[in-house]
Amino acid sequence: MAVFNKGKKNIEQENNQNNKIFKDKEDFKEKYLNIFKKELGASFEESNSVDRYNMLATLIQKQSNEIGNDCKNGYRNKTQKRLYYFSMEFLIGKLLKNYLINFGVEDIVKEGLKDLGEDLDSLCENERDPGLGNGGLGRLAACFLDSLASMGYAGYGMGIRYGYGLFKQVIKDGKQVELPDNWLENGFPFEARKDNKAVVVKFGGEVKRNYENDKLYCSWENTENIIAVPYDVPIVGYGGKTVNTLRLWSAEPYEQNFDMNAFNNGDYAGAMKFRSDVEAITSVLYPNDNGLSGKVLRLKQEYMFVSAGIADIISTFKKWHGTDWKLFPDMVAIHTNDTHPALCAPELMRRLIDEEGLEWDDAWDITCKSISYTNHTILPEALEKWPIDMFRQLLPRVYDVVEEIDRRYRESFPRNIENWQELHQNTAILWGGEVRTANLSVICSHTVNGVAALHSEILKKDTLKEFYTLNPRKFQNKTNGISHRRFLREANPSYSKLITDAIGDKWLEDTNELEKLQKYEDDSSFLEKMDESKKENKERLAKYILDTSGVQIDTNSIFDIQVKRFHAYKRQLLNVLKIIDLYNQLKENPNMDIQPTTFIFAGKAAQGYDFAKDVIRLVNSVADVVNNDKGVSEKIKVAFVPNFSVSNGQLIYPAANISEQISTAGMEASGTGNMKFMMNGAITLGTLDGANVEIAEKVGMDNIEIFGLKAEEVDSYRLNHNYYVWDEYNNNQRIKRLVDELVDGTFGKLSGNFNLIYDTLLRSNDEFFVLKDFESYMNGWNNLQKLYLDRNKWNKISLHNTAKSGYFSSDRTIKQYCEEVWNIKNNL
């Protein structure tokens, strides 16, 4: 029989009593109603739902900013070292509910609104997901900001305020269609524009060199200038004691560049061209960079937010510490999240030398002691390279600095080691007419880390092996983590309440407490309540799918879910081929013994990535056939959730029974969706790839279903060229049939056949070993089918996954970064 700690005074109750923003619901109502008069000029009764949401968000933002200002002053008084986390993406998700939870006032606000005849959940429906990221990179950055604030560290985000997100995905005739994601259409009440912190950013022009007293002075002149204007978003830590800032930079025209002559001559488009060109810099997340103009725009984006951010950091440092530059590495940590912010190092060098008058050696010492770098990928196309001619023309002074860093690196390169020429070539920054940003990032950083144990080993042995040979002490591993407060506490209220009733709520601050759930693994009462929570979450997701996709699904079925960016190596195709195979089996044997299963997909494909878009089309075409076959659809169904985001992800993760983590071994850096599913009690069906390896180590091989080739086996096949996809095709009639069905019209009714996928599999020799892993994958899936028959055992394993998920909290990751990379102490 479960024993629940309902009488125990918990952290959330203490937050409700001691929070800094509302004493009780009456205090909340008074402040809430007052803000209507101040901000809206109308009463609560005269307002609509959107107004009421905006006023609530504005009230919370103002309260957050007050605490944030206190925190900044506290950091200054304690001369506390600050972290500045540079990332092209911050996929922060909806903020209102998250802030209320972290301040400990969710119940106060809910009850106060109820007194006013309003519903909190209904108001939250007015909030849009900020279009500030695409996938794991941006969600990780957002989780890190949450953990930094929750643990009392002075950690600030530096990013870009995109006018439009990646795109809004809709499905038409089974195909992905990209529409503008105008997320700022109705404003963003959590941001505050800071005109007094705006920074001039330079492009183009020329470098003038002058010698005075045998010293070279460089000035960057005749430039095309823009203004980078910051918008600050508060990041509220759990407990409400710490509020940090995410600073998002927006590009605006420098007023002197307005062409008044053209305007007066009637050439209004010409007069406004510069404004349009400037505003394009921060208009869209990840503009298509296949052509030169796209590359120029992408480089402008990256330099704009780096230059503005570095200028802001230097200004803040000087305000607090003057020009005692030796203190800089002790007071400032700059972290670059992948290669997009790689120009942090040369920009810091440029400003220290050109504007602050430091000598090269001093500036270099400061830079290398201040900057660290996380690599997120082993894919060559994701390790950015810029054409030298383009780079030099757009950023001539920055190129000078990069060229000098490269020259000094080459000159100091050790020539007494084996194969030094090859090592030298592969680690140089400038080579083959390109600026190699990954090499720049490694050379200029004091620490380089991967994001999972396997990924970090691959960096050492393959992707960055030359650098590791030269300086192995520079490399670390920091396995990714997720915000358990958002993806368990907020996303899964029924399960998190069950957990808190059982073990108390210290797990919200220390996820090691989740280990205590292990004592309930044989408690039938607890497992039954856990099953009820899962059913509730499935019903919630089923309603959302019906509303957005029109597919009605059975909440008693197994929910088998794969949600992530569509890419060949993530192998959504393998999942679809499984469904096709099951469809074939059910058509041949309608009485086949199978647990009813709903296969759920979500994720976007890059606009120019034809193969990934074709896989989305295949998912929807298979769904069209399967779901409209009455005999089959009683056993299996397929649903595609359009426009995957943080907010619908928070509906998806808690509802999953099976978590599909099936990327080709050795290809996924880490993954964080695997952690979100695991924490919510889903059982992983996956390869030994990314963080799956560490999940398997934590839960034990009896509590996860692993299949397929290992990373070293994949490497061996590629090295020895001894995998022949035609052998799989010709020797396995099941595989041959389902591959042929891609092009024989079986699934072509909705939008045509799938020749591109067929050719990629057979004529490109199945680069990601989809068919090689197929039988092993099917065996693993069948094992989970059998396991589900014993619901008590299934729930026991599910609970064990939650109990062992504490390691994968971003709190743990951040603590390791702060202690082992950034050397930062917390403020609590």
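As the structure is a prediction and not an experimental result, all values here were calculated from the model.

**Q** For this particular structure, what's the right way to read the overall build of the protein?
**A** In terms of regular secondary structure, the protein is built from 35 helices and 23 strands. Expected size for 828 residues packed as a compact globule is a radius of gyration near 28 Å; at 27 Å, the protein falls within 12% of this value. Counting only C-alpha atoms, the protein reaches 90 × 70 × 60 Å along its principal axes. Every one of the 828 residues in the protein was classed for burial, and the buried ones make up 61%. Expressed as a percentage of contacts within the protein between residues at least 6 apart in sequence, the contacts between residues at least 24 apart total 76%. Accessible surface, the protein as shown: approximately 32800 Å² in total, 44% of it carbon and sulfur.

**Q** Can you walk me through the environment of E466 in this structure?
**A** Structurally, the position occupied by E466 is in helix α19 (residues 465-470). We classify E466 as buried; its relative accessible area is 11%. Filtering out sequence-adjacent residues up to four positions away, E466 remains in contact with L423, N426 and T427. At 3.0 Å, the side chain of E466 and the side chain of N426 are in polar contact.

**Q** Got a minute to help me understand the sheet that holds strand β14 (residues 430-431) in this structure?
**A** Backbone hydrogen bonds hold the strands of a sheet together, and the pairing may be parallel or antiparallel. Pairing is antiparallel across the open sheet formed by three strands, whose spatial order is β13-β15-β14. The strands lining the two open edges of the sheet, one partner per strand, are β13 (385-387) and β14. Of the strands in this sheet, β13 and β15 (434-436) are in contact with helix α17 (residues 437-444), which crosses β15 at around 45°.

**Q** Can you help me understand the packing of helix α23 (residues 572-588) against helix α24 (residues 610-627) in this one?
**A** A packed helix pair is summarised by two numbers, namely the angle formed by the two axes and the spacing between the axes. Their axes nearest at 10 Å, the elements α23 and α24 cross at an angle of 20°. Classified by the angle between their axes, α23 and α24 sit roughly parallel to one another. Of the two elements, α23 crosses α24, and the hand of that crossing is left-handed. Contacts between α23 and α24 involve Q572, L573, V576, I579, I580 and Y583 from the first element and F611, V615, L618, V619, V622, V625 and V626 from the second.

**Q** Is there a simple way to think about the pattern of salt bridges in this case?
**A** Working definition: two side chains of opposite charge can pair if their charged atoms are close together. Across all of its chains, the model carries 64 salt bridges by this definition. Across the pair K215 and E359 runs a salt bridge whose closest N-O atoms are separated by 3.3 Å. One end of the pair, K215, is in strand β8 (residues 215-221); the other, E359, is in the loop between α12 (344-355) and α13 (360-370), with 144 residues separating them in the sequence. What makes E359 partly exposed here is its relative accessible area of 43%. Here K815 makes a salt bridge to E819, at a shortest N to O gap of 2.7 Å. Placement of the pair is K815 and E819 together in helix α35 (residues 810-822), with a separation of four residues, close to one helical turn. Owing to a relative accessible area of 40%, K815 belongs among the partly exposed residues under this scheme. Classification of E819 by relative accessible area gives partly exposed; the value is 49%. Each of D361, E404, R407, R408 and E411 takes part in a single network of salt bridges with overlapping partners.

**Q** Just checking my understanding: could you explain a negative patch on the surface for this structure?
**A** Negative charge collects at one region of the surface, where D462, E712, E713 and D715 lie side by side. When you line up the elements, D715 lands in helix α29 (residues 711-720).

**Q** Just to check I follow, could you spell out the sheet that holds strand β21 (residues 658-661) for this structure?
**A** The six strands are arranged β20-β19-β18-β21-β22-β23 in an open sheet whose pairing can be described as parallel. If you trace the sheet from one side to the other, it starts and ends with β20 (636-641) and β23 (705-706), each paired once. Looking at chain direction, strand β18 (residues 558-563) and strand β19 (residues 597-602) are connected through six bridges and run parallel. Considered in β19, the bridge of I561 is made with I600.

**Q** Got a minute to help me understand the pairing of strand β7 (residues 206-212) in this structure?
**A** Each regular strand shows side chains that alternate between the opposite faces of the sheet. Where β7 and β8 come together, seven bridges link them in antiparallel fashion. Bridge pairing in β8 links E212 to K215. The hairpin formed by β7 and β8 contains two residues between the paired strands, and N213 there has a positive phi angle of roughly 55°.

**Q** Is there a simple way to think about the environment of K175 in this case?
**A** The residue K175 is located in strand β4 (residues 175-179) in this model. Owing to a relative accessible area of 41%, K175 belongs among the partly exposed residues under this scheme. A C-alpha to C-alpha distance of 7.8 Å links K175 and S751, two positions 576 residues apart in sequence. Residues within four places of K175 in sequence aside, it is in contact with V170, R617 and S751.

**Q** Would you mind showing me how to read unusual backbone geometry here?
**A** Trans peptide bonds make up most of the peptide bonds, and negative phi angles are found at most residues other than glycine. Even without glycine at this site, Y286 takes up a positive phi of about 50°. Inspection of the secondary structure puts Y286 in the loop between α9 (268-280) and α10 (292-321). At N765, a position not held by glycine, the phi torsion is positive, near 55°. Along the chain, N765 falls in the loop between α32 (755-762) and α33 (774-788). With relative accessibility at 32%, the residue N765 sits in the partly exposed group.

**Q** I would appreciate a short explanation of the side chain of E118 in the present structure.
**A** Assignment of secondary structure puts E118 in the loop between α5 (106-115) and α6 (120-124). Separated by 3.0 Å, the side chains of E118 and R52 make a polar contact. Leave out the neighbours within four places in its chain, and E118 touches F44, R52, L113 and L123.

**Q** Just checking my understanding: could you explain the confidence of the model for the protein for this structure?
**A** Low pLDDT means the predicted atomic positions in that stretch should not be read closely. Averaged over all residues, the pLDDT of the protein is 94; the fraction at 70 or higher stands at 97%. Throughout residues 1-9 the model reports pLDDT below 50, and contacts reaching past four residues in sequence, or to other chains, amount to 23 contacts.

**Q** Help me understand the state of the cysteines, please; the structure alone is not making it clear to me.
**A** Cysteine pairs can be linked by a disulfide, which is a covalent bond between their two sulfur atoms. Tallying each qualifying case throughout the model produces zero disulfides. In this structure C71 is a free cysteine whose sulfur lies 15 Å from that of C818, the closest cysteine sulfur available. Not engaged in a disulfide, the cysteine C444 finds its nearest cysteine sulfur in C368; these two sulfurs lie 5.8 Å apart.

**Q** Quick question: what am I supposed to make of helix α15 (residues 396-411) here?
**A** Each turn of an α-helix holds 3.6 residues, which means side chains three or four residues apart point in the same direction. With 16 residues, α15 extends 22 Å from end C-alpha to end C-alpha; this agrees with the ideal 22 Å at 1.5 Å per step. All of the buried residues in α15 are P396, R397, V398, Y399, D400, V401, V402, I405, D406 and Y409.

**Q** For this particular structure, what's the right way to read the side chain of N492?
**A** For N492, the location among the structural elements is in the loop between α20 (484-490) and α21 (493-503). With near-sequence residues (within four places) excluded, N492 lies in contact with S533, N537, P654 and N680.

**Q** I keep staring at α24 and nothing clicks. Help me out?
**A** With 18 residues, α24 should cover 26 Å at 1.5 Å per step; its first-to-last C-alpha distance of 25 Å lies within 8% of that length. α24 sits mainly inside the fold: 16 of its 18 residues count as buried.

**Q** What's the story with the packing of helix α2 (residues 25-40) against helix α3 (residues 49-77) in this structure? I'm lost.
**A** At a minimum axis separation of 9 Å, α2 and α3 run at an interaxial angle of 105°. Here α3 runs roughly perpendicular to α2, going by the angle between their axes. Each of F28, K31, Y32, I35, F36, E39 and L40 in α2 lies in contact with α3, whose residues at this interface are D51, R52, M55, L56, T58, L59, K62 and Q63. Taken together, the residues of the contact of α2 with α3 sort by class into eight nonpolar, two polar and five charged.

Rules behind the numbers
Residues numbered from 1 in each chain as written. Predicted model: local features only at pLDDT ≥ 70, side-chain atom pairs only at ≥ 80, totals over all residues. Heavy atoms only, no water. Helix = DSSP H or I, 4+ residues; strand = E, 2+ residues; numbered from the N terminus. Rg over C-alpha atoms; globule rule 2.2 N^0.38 Å. Buried < 20%, exposed > 50% of the residue type's maximum accessible area, 1.4 Å probe, protein only. Contact = heavy atoms within 4.5 Å. Areas by Shrake-Rupley, 256 points an atom, 1.4 Å probe, with all protein chains shown as cover. Polar contact = N/O pair within 3.5 Å; in protein donor to acceptor, adjacent residues only side chain to side chain. Pairing = 2+ DSSP bridges. Axes fitted to C-alpha atoms, helices over the stretch in contact; angles between N-to-C directions. Parallel < 35°, antiparallel > 145°, perpendicular 65-115°, else oblique. Left-handed = near helix turned anticlockwise from the far one by under 90°. Salt bridge = Lys/Arg side-chain N within 4 Å of Asp/Glu carboxyl O. Patch = residues over 30% accessible without salt bridge, like charges linked within 9 Å, V, L, I, M, F, W, Y side chains within 5 Å. Lys, Arg positive; Asp, Glu negative; His and termini not counted. Charge placed at Lys NZ, Arg CZ, Asp CG, Glu CD. pLDDT = per-residue confidence, 0-100. Disulfide = S-S within 2.5 Å. Expected span 1.5 Å × (residues − 1). Nonpolar A, V, L, I, M, F, W, Y, C, P; charged D, E, K, R; others polar.

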